[in-house]
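# Breakdown of the fold
The residues making up each chain are set out below.
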Amino acid sequence: MSKLHFTVSIVNDKQMQELNEKHRGLNHPTDVLSFELSESLPDGTKLMGDIVVDEDFAKRQAKELEHSVEEEIAFLVAHGTMHLMGVHHDDDEK
């Protein structure tokens, strides 16, 4: 079985807004961004990419959804991981 590697960074609204503008052309923060890499190291480790989570956004969503910030961040990391694995949604409703 090969090893999978990805990084997770936690940022604030300002940092996420800058990333979202730079990479998606959207001038507002978002909850999570994923940046696919898809490279392999000589030992077989697959470098999947990077996941960036907006902690400020996650706090607001957790409050709205009535669960903990930790649960929200875990959900967002899982969401980002799915994107790194090639699963994408066509629009916000999905």
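Note that an α-helix has 3.6 residues per turn; residues three or four places apart therefore point the same way. Every buried residue of helix α2 (residues 55-65) is accounted for by F57, A58, Q61 and A62. All buried residues of α2 project into a common sector of 135° when viewed along the axis, lining one side. Exposed residues lying more than 90 degrees from the buried face of α2 are K63 and E64. Among the structural elements, α1 (13-24), β3 (46-54) and α3 (69-84) are those in contact with the buried residues of α2. Looking at the residues trailing α2, positive phi occurs at E66, about 60°.

Note: strands within a sheet are paired through backbone hydrogen bonds, in either parallel or antiparallel orientation. An order of β1-β3-β2 is seen for the three strands of this open sheet, with the pairing classed as mixed. In this open sheet, the two strands that pair with only one neighbour each are β1 (4-11) and β2 (32-40). Direction aside, neighbouring strands of the sheet carry axes that sit 15° apart on average. Bridge count for β1 against β3 is eight bridges, and the pairing is parallel. Residue T7 lies in a different strand from β3, and its bridge partner there is D50.

The rules behind each value
- Residues numbered from 1 in each chain as written.
- Predicted model: local features only at pLDDT ≥ 70, side-chain atom pairs only at ≥ 80, totals over all residues.
- Heavy atoms only, no water.
- Buried < 20%, exposed > 50% of the residue type's maximum accessible area, 1.4 Å probe, protein only.
- Helix = DSSP H or I, 4+ residues; strand = E, 2+ residues; numbered from the N terminus.
- Arc of directions from axis to C-beta.
- Contact = heavy atoms within 4.5 Å.
- Pairing = 2+ DSSP bridges.
- Axes fitted to C-alpha atoms, helices over the stretch in contact; angles between N-to-C directions.

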